[in-house]
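Listed here are the chains, written in short residue letters.
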Amino acid sequence: MTAIDSSVARLTALHPKLIDLSLDRMWRMLDALGNPQRRLPPVIHVAGTNGKGSTIAFMRAILEAAGLAAHVYTSPHLVRFNERFRLGERGEGRLASDAELSGVLDECERANAGAPITLFEITTAAGLLLFARHPADVLLLEVGLGGRLDATNVVDRPLATVITPVSFDHAEHLGNTVGEIAGEKAGILKAAVPAIVAAQPRDALAVIERQAARVKAPIRIAGEDWTATEERGRLVYQDDAGLLDLPAPKLYGRHQFENAGVAIAALRAIERLKLPPAAFETGIAKADWPARMQRLTQGRLAALCPPGSELWLDGGHNADGGRAIANALADLEERVSRPLVLVIGMLATKDCESFLKNFTGLARRIVAVPIPHQEKSLAADAIVDIARSASIPAQSEADLEAALAAIARFALDPLPRILITGSLYLAGEVLKQNGTPPS
């Protein structure tokens, strides 16, 4: 066990028995640390249900292509806890080292003095402390859950706020309607700070617009104030400042054209940045974000697939995420037709039925697996029942290796396209077992 693992284990034990979404614990912690949130580089704050990580990846790549240093705070991690903390440097930046991270975690643990606190709150405080001590041009700060009462919502005046597409997820904490969930996301909007809003369901957009008007935040909305479309395999972005004709995103799927558009709109709304067109061109083509329609061509798990087949990975786990994945797979099917087999593991807290319905008529078969080391993993047999109710043949296997071995026995012709999906926790296990962790 590493020093970081030990710190995380100790901090997890401090978790309050009753989770109340509140900033009280966060303010107490930050005050004990000398309020590092007041000494951060300029912040771009990003909330939303889907696409937050990809949008941040595009912004980071564009900023770095312009020669700027960008800190990045994201969650959850896939393989290593360090993935949550990227320190900006000229070039591509780097993940925080074990020594740096264990140092600030221990400092936060001492400042907390044993009081109840969530792991995400103390992790966020540690991140803010780390980012405040390392100079950078921008901090890209991802909301963990919701927005209004999220631990990251302690920055008074960010450069910009961003709301990516809102849909159903974490309803137990955020609300039972898309409008209620959007209201929580819109809690990050600030007076006189540009708010960049992705395409939204009508109810969600209405709530976000009302909150922007209430706090007097200038708002820029996809489809109204800018457009980002695929034209002849390129990304064409247009707003009132002009047109950008850019290469297709490195990240696969038509939804990534939309995420890239949100990233561009956010950076162009910040007047002080004045980024050159070449930075957008380089960044869009270079941005990488693991476990989002990621093709695995090498590694231990890839070697277990039938030779000549394709292995893909996506951590999507809600209805809209499933829809984006299904659309991307349909596009792949149009290019090169292959029978699609899904390997699926999900948490019991997610809406498996709504996720799987996206693949009816598209997937030839589903192989369900439990998520390793997750008490809340949905039983593989339960996934099988849900898949069959969606008219998709399905079976369960004990683990990823057994699932891939079962697919090899299907003897499909042509060779299959295999996608492992349903959970970021499962995606992390895939990258770990495959030997291709994020860097």
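Numbering of residues starts from 1 in every chain and runs along the sequence as written. Owing to the predicted nature of the model, reporting of local features is limited to residues with pLDDT of at least 70; listing and counting of side-chain atom pairs is limited to 80 or more, with chain, interface and lining totals taken over all residues. Excluding hydrogens and water, the side-chain figures rest on all heavy atoms present in the structure.

A.B. asks: Tell me about the nonpolar core, residues and numbers included.
C.D. replies: Grouped together as the largest cluster of nonpolar side chains are 42 residues, with contacts concentrated most on I44, M59, L63, I196, I264 and L267. In this description a helix means any DSSP run of H or I spanning at least four residues, a strand means any run of E spanning at least two, and both kinds are numbered starting from the N terminus. Per element, the largest residue contribution to this core is 9 residues, and it comes from helix α9 (residues 254-269). Leaving out residues up to four positions away in the same chain, L63 has contacts with L68, A70, V138, L140, L267, L273 and L275. Judged by nonpolar contacts, the second largest core, of 33 residues, contains V43, Y73, C108 and A132. To qualify as a nonpolar core, a set must consist of buried Ala, Val, Leu, Ile, Met, Phe, Trp, Tyr and Cys residues joined through side-chain atoms within 4.5 Å. For every residue, the accessible area obtained with a 1.4 Å probe (protein chains only) is divided by the maximum for its type, and the residue is called buried under 20%, exposed over 50%, and partly exposed between those limits. Here a residue-residue contact requires only that any non-hydrogen atoms of the pair lie within 4.5 Å.

A.B. asks: Can you lay out the sheet that holds strand β11 (residues 242-247) for me, pointing to particular residues and giving the numbers?
C.D. replies: Strand pairing follows a simple DSSP-based rule, namely that at least 2 bridges must link the two strands. Strand order in the open sheet made by the 3 strands is β9-β10-β11, with antiparallel pairing throughout. Sheet topology places β9 (226-231) and β11 at the edges, where each strand pairs with a single neighbour. Neighbour-to-neighbour, the strand axes of the sheet open up by a mean angle of 20 degrees, direction not taken into account. Pairing analysis gives 6 bridges linking strand β10 (residues 234-239) to β11, with the strands arranged antiparallel. To obtain each axis, a line is fitted to C-alpha atoms, and for helices this fit is confined to the stretch in contact; angles are then taken between N-to-C directions over 0 to 180 degrees.

A.B. asks: Tell me about the packing of helix α3 (residues 52-65) against α9, residues and numbers included.
C.D. replies: Close contact between α3 and α9 brings their axes to 8 Å; oriented N to C, the two are set at 55 degrees. Considering the angle they form, α3 stands oblique to α9. Regarding α3 and α9, the two cross each other, and that crossing is right-handed. Of the residues in α9, those touching α3 at S54, T55, F58, M59, I62 and L63 are Q256, N259, A260, V262, A263, I264, A266 and L267. The residue classification treats Ala, Val, Leu, Ile, Met, Phe, Trp, Tyr, Cys and Pro as nonpolar and Asp, Glu, Lys and Arg as charged. All others, Gly included, are polar. A per-class count over the contact of α3 with α9 returns 10 nonpolar, 4 polar and no charged. By the definition adopted for this analysis, an angle is roughly parallel if under 35 degrees, roughly antiparallel if over 145, roughly perpendicular if from 65 to 115, and oblique otherwise. We call a crossing left-handed when the near helix sits turned anticlockwise from the far one by less than a right angle, and right-handed when that turn is clockwise.

A.B. asks: Give me the side chain of K52: which residues, what numbers.
C.D. replies: One can find K52 in helix α3. Judged by relative accessible area, K52 falls into the buried class, the value being 10%. The contact partners of K52, leaving out residues within four places of it in the chain, are V46, A47, E142, V143 and T164.

A.B. asks: Lay out unusual backbone geometry in plain terms, naming residues and giving numbers.
C.D. replies: Here the amide bond leading from S75 into P76 is cis, since omega sits at -5 degrees, within 30 degrees of zero. Its identity as a non-glycine residue notwithstanding, M293 has a phi of 40 degrees, on the positive side. Looking at the secondary structure, you find M293 in the loop between α10 (277-286) and β12 (294-295). Given the relative accessible area of 4%, M293 is considered buried.

A.B. asks: Provide a residue-level description of the sheet that holds strand β3 (residues 85-87), including the pertinent values.
C.D. replies: Spatially, β4-β3-β2-β5-β1-β6-β7-β8 is the arrangement adopted by the 8 strands of the open sheet, whose pairing is mixed. Where the open sheet ends on each side, the last strands, each with one partner, are β4 (94-95) and β8 (219-221). Pairing analysis gives 4 bridges linking strand β1 (residues 43-47) to strand β5 (residues 138-142), with the strands arranged parallel. Across the sheet, V46 pairs through a bridge with E142, a residue of β5. Contacting β1, β6 (160-163), β7 (195-197) and β8, α9 runs over the sheet at an angle of about 165 degrees to β7.

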